[in-house]
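What the coordinates show
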Amino acid sequence: MCGIVGYVGNKQAAPVLINGLSKLEYRGYDSAGVAIIEEDILKVSKCKGRLANLEAKLEKAPIKGVVGIGHTRWATHGEPSDLNSHPHSNTKETISVVHNGIIENYIHLREWLTSKGYKFESETDTEVIPHLVDYYYDGNLEAAVMKAVSKMEGSYAIGVVTTYEPGKLVAVRKDSPLVVGVGKGEYFIASDIPAILNYTRDVYFLNDKEFVVMTSEGVKLMSDEGDEIKKDIFHVTWDADAAEKGGYEHFMLKEIHEQPKAIRDTMTSRIALGKDITLDKITITKEQIANIDKIYIVACGTAYHAGVVGKYVIEKLTRIPVEIDIASEFRYRNPIIDKRTLMIVISQSGETADTLAALREAKKSSARVIAITNVVGSSVSREADDVLYTWAGPEIAVASTKAYVTQLIAMYIIALFFAQNKKTVSDEAIEEIKEAMLSLPEKVEEVLTNKEVLQRFASKTYMHKDMFFLGRGLDYAVAMEGSLKLKEISYIHSEAYAAGELKHGPIALIEKGTIVIALATQEELFEKMVSNIKEVKTRGANVLAFAFEGNDTIEKTVDSALYLPRTNEILAPVLSVVPLQLLSYYMSIQKGCDVDKPRNLAKSVTVE
Ligand code: M6R
């Protein structure tokens, strides 16, 4: 997804912009560029490919100046190319714009501007913006941007600079993230906080249709009516180092190893033995909980898979029916929602367009919405009624790992919180689960020490084109996540099946040597799972199974087995997903894939 950085201050803008853009690389991009005001002249440098290409270009032809905007582009309208890269400028090359999002009415605007004599160079929707600003410019940049924005439909975070007012930068957002950094005599805009953390920890979060006007004198926040807005500064406490690799070869491996801490942090102050669960940003009352007759959990990708676990757990502990839905389906299927419906949206980034749209659908129908997100100040956190933050820290690798396990923890916390309020489970049973949860960090540490079986298995099987993941109950939910992880980073085709469903079709695909990963952590379903494993074994499959310590009879049936430390079996997903993450990682390494930035994928999907 596109990344934006902007700078006004007393430093040279180019290195600040490049540094900021490098911290946004995790969002995925295909080209990069900067526009800087150099002695009242607009200088643009941009090109297709990695940021290093842009750096090389800037080394050959440096741009000097203290006001500028930068961009990493993830193509939507028009292929990745030098021409389609941002920034985009007006024909006179006096106004330049970076944009994240999609201008839905750009064809109409393009035709209208063309009829007024404007010429377009790129295939992008973005290029209408500098021409619109040019059309409306009458001596005041913010006024022109406001008029231009009032003509635009769709989503945008934009940054604009002009030679007419060389010390100024104007930015605005709607449905795309943008933060404003406040330093000492220098100011920033960015799509995400890591881009500016090297310079400042003080930020403003912009709401939809809020503008910022910055000069070296300071920043002014404004509404789309032109009124000045006052806001509190948010002081970021997490460390810039948290966003670096910290000695690991890849961010993904680092983030897999950060899971014990992420789990502990997410439980901190919420789960304690002998005490009720307290959730600071959740204001839902006992009466409101008693009134809920249906829960929708809505999310995308990995977050959706955490929701599948949530469905099992919430239904088991609270007896409230739960529907789990993919956000892009939910928003268009006219779901049955009323005041007694609770919606839980899960989103690591808090900016996923489909999830946000589903949240808005639910709110329109008066449902209460709880957001589970990892990003403070993100759109879902601001628009939901209640928020439960996962404290995973910034997740840089595109493939989600630590965010997923903290989303699982959030699901358990919510299920226990409701069960505690509805008295659907005894206090003793709640204490037992809490106790087991508190020991999860050590158990995940233990799982992380057991890598050899996985490395060996990966080195023997990475050339396979297809794999299957099987499980029943909660194991099936984790199988879905294991399969997604493998696809994403190793490009091996894989399918996850509820093991009992196998004989209804997919077993036709099993032949000599087919790789099957089987999860068998659920005690009640263990024997049934063993029977399903036998079904694939007799057809020649090569099976790697995961089971709890003590269930070693499984070894008679499978080719390799890996044992997990015992825990309460509803918590098994937190442990069993870890070897699946590692397996995908080792497969990806063996194949020489770009682990942290898999092809065609973006970290944060802020367009539909
Ligand atoms: O930021 P979100 O949690 O809303 O993102 C949802 C999905 O795009 C995300 O989980 C995606 O599936 C990841 N690449 C999975 O590793």
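Fair warning: this is a prediction, and the values are worked out from it, not measured in the lab.

A few words now on the overall build of the chain. If you tally the helices and strands in the chain, you get 19 helices and 25 strands. Against the globule reference of 25 Å for 608 residues, the chain gives a C-alpha radius of gyration of 26 Å, in line with a compact fold. Based on the C-alpha atoms only, the size of the chain along its principal axes is roughly 80 × 55 × 45 Å. Classification of the 608 residues of the chain by burial places 61% in the buried group. Considering only residue pairs separated by 6 or more positions, the chain has 71% of its internal contacts joining residues 24 or more positions apart. As displayed, the chain has an accessible area near 23500 Å², and 48% of this comes from carbon and sulfur atoms. Side chains of the chain give 71 positive and 84 negative charges; the mean places of these two sets differ by 2 Å.

Here we come to the UniProt feature "domain: SIS" (unreviewed entry) in the chain. UniProt marks residues 285-424 and 453-598 with the feature "domain: SIS" (unreviewed entry), using the numbering shown here. Secondary structure content for residues 285-424 is 47% helix and 20% strand, while the C-alpha to C-alpha distance between its ends is 16 Å.

A word on the pattern of salt bridges. Inspection of the entire model under this criterion finds 31 salt bridges. The salt bridge partner of Glu361 is Lys364, with a shortest N-O separation of 3.1 Å. One end of the pair is Glu361 and the other is Lys364, both in helix H11 (residues 353-364) and three residues apart, which spans about a single turn. Its salt-bridge partner being Asp385, residue Lys363 comes within 3.3 Å of it at the nearest N-O pair. With Lys363 in helix H11 and Asp385 in the loop between helix H12 (379-383) and strand E20 (386-389), the pair connects residues that are 22 residues apart, well separated along the chain. We classify Lys363 as partly exposed; its relative accessible area is 33%. What you see here is one network of salt bridges that share partners, running through Arg173, Lys174, Asp175, Asp208, Arg360 and Glu383.

All right, on to the site of the ligand then. Taken together, the neighbourhood of the ligand is formed by 13 residues, with Ser347, Gln348, Ser349, Thr352 and Glu488 sitting nearest. With respect to the ligand, the side chain of Ser347 contributes an N or O atom lying 2.5 Å from an oxygen atom. Calculation on the ligand without its partners gives an accessible area of 400 Å², and the protein chains cover 91% of this total. More than half of the atoms belonging to the ligand lie within 2 Å of the grid points that define the second largest pocket. Secondary structure elements with two or more residues in the shell around the ligand: helix H9 (301-318) and helix H17 (474-490). Here the element with the most residues in the shell around the ligand is H9; it accounts for three residues. When the residues that make up the shell around the ligand are grouped by side-chain class, the tally is four nonpolar, seven polar and two charged.

Counting buried positions along strand E25 (residues 560-564) gives five out of five residues, so the element sits mostly inside the fold. What you see with E25 is no split at all: Ser560, Leu562 and Leu564 on one side and Ala561 and Tyr563 on the other are buried throughout. By the bridge criterion, five bridges tie strand E24 (residues 542-548) to E25 in an arrangement that is parallel. For Ala545, the partnering residue across the bridge sits in E25 and is Ala561.

By volume, the second largest pocket amounts to about 540 Å³. Elements that contribute at least two residues to the lining of the second largest pocket include exactly H9, strand E18 (341-347), H11 and H17. Of the residues belonging to the lining of the second largest pocket, the class tally is ten nonpolar, eleven polar and five charged.

Another point: the nonpolar core. One finds Ile295, Ile344, Tyr412, Phe418 and Met437 to be the most contacted residues of the largest nonpolar core, which totals 125 residues. Looking at which element gives the most residues to this core, the answer is helix H13 (residues 402-422), with 14 residues. Beyond its immediate sequence surroundings of up to four residues, Met437 is in contact with Met267, Ile271, Ile409, Tyr412, Ile413, Leu416 and Leu571. Core analysis: the next-biggest nonpolar cluster, separate from the first, contains 29 residues, Ile95, Tyr156, Val170 and Val213 among them.

On to a negative patch on the surface, then. A grouping of Asp276, Asp427, Glu428, Glu432 and Glu435 is seen on the molecular surface, where their side chains present a negatively charged patch. Accessibility expressed as a relative area gives 56% for Asp276, which makes it exposed.

Now for the domain arrangement of the chain. Structurally, the chain comprises domain 1 (3-237), domain 2 (245-438) and domain 3 (448-593). On a C-alpha basis, the centroid separation for the pair domain 1 and domain 2 is 34 Å. Each partner contributes to the interface: domain 1 provides nine residues, whereas domain 2 provides ten residues. Summing both partners gives a buried area of about 770 Å² for domain 1 against domain 2, and 52% of it is carried by carbon and sulfur. Linking domain 1 with domain 2 are two salt bridges, by the criterion used here. Residue Asp175 pairs with Arg360 through a salt bridge whose shortest N-O separation is 2.9 Å. Our enumeration of links across domain 1 and domain 2 arrives at three residue pairs in polar contact (both at pLDDT 80 or more). Looking at side-chain class alone, the side of domain 1 that touches domain 2 contains five nonpolar, one polar and three charged residues.

Criteria and thresholds
Residues numbered from 1 in each chain as written. Predicted model: local features only at pLDDT ≥ 70, side-chain atom pairs only at ≥ 80, totals over all residues. Heavy atoms only, no water. Helix = DSSP H or I, 4+ residues; strand = E, 2+ residues; numbered from the N terminus. Rg over C-alpha atoms; globule rule 2.2 N^0.38 Å. Buried < 20%, exposed > 50% of the residue type's maximum accessible area, 1.4 Å probe, protein only. Contact = heavy atoms within 4.5 Å. Areas by Shrake-Rupley, 256 points an atom, 1.4 Å probe, with all protein chains shown as cover. Lys, Arg positive; Asp, Glu negative; His and termini not counted. Charge placed at Lys NZ, Arg CZ, Asp CG, Glu CD. UniProt positions renumbered as here; feature names shortened; annotations may be inferred. Salt bridge = Lys/Arg side-chain N within 4 Å of Asp/Glu carboxyl O. Near = heavy atom within 4 Å. Polar contact = N/O pair within 3.5 Å; in protein donor to acceptor, adjacent residues only side chain to side chain. 1 Å grid on protein atoms, 1.4 Å probe; cavity = no way out; pocket = protein on both sides within 12 Å on 5 of 7 lines; lining within 4 Å. Sits in = over half its atoms within 2 Å of the grid points. Nonpolar A, V, L, I, M, F, W, Y, C, P; charged D, E, K, R; others polar. Pairing = 2+ DSSP bridges. Points joined across faces, edges and corners; volume = space filled by probe spheres on them. Core = buried A, V, L, I, M, F, W, Y, C linked by side-chain atoms within 4.5 Å. Patch = residues over 30% accessible without salt bridge, like charges linked within 9 Å, V, L, I, M, F, W, Y side chains within 5 Å. Domains from an automatic or database assignment. Buried area = accessible area lost by both parts, 1.4 Å probe.

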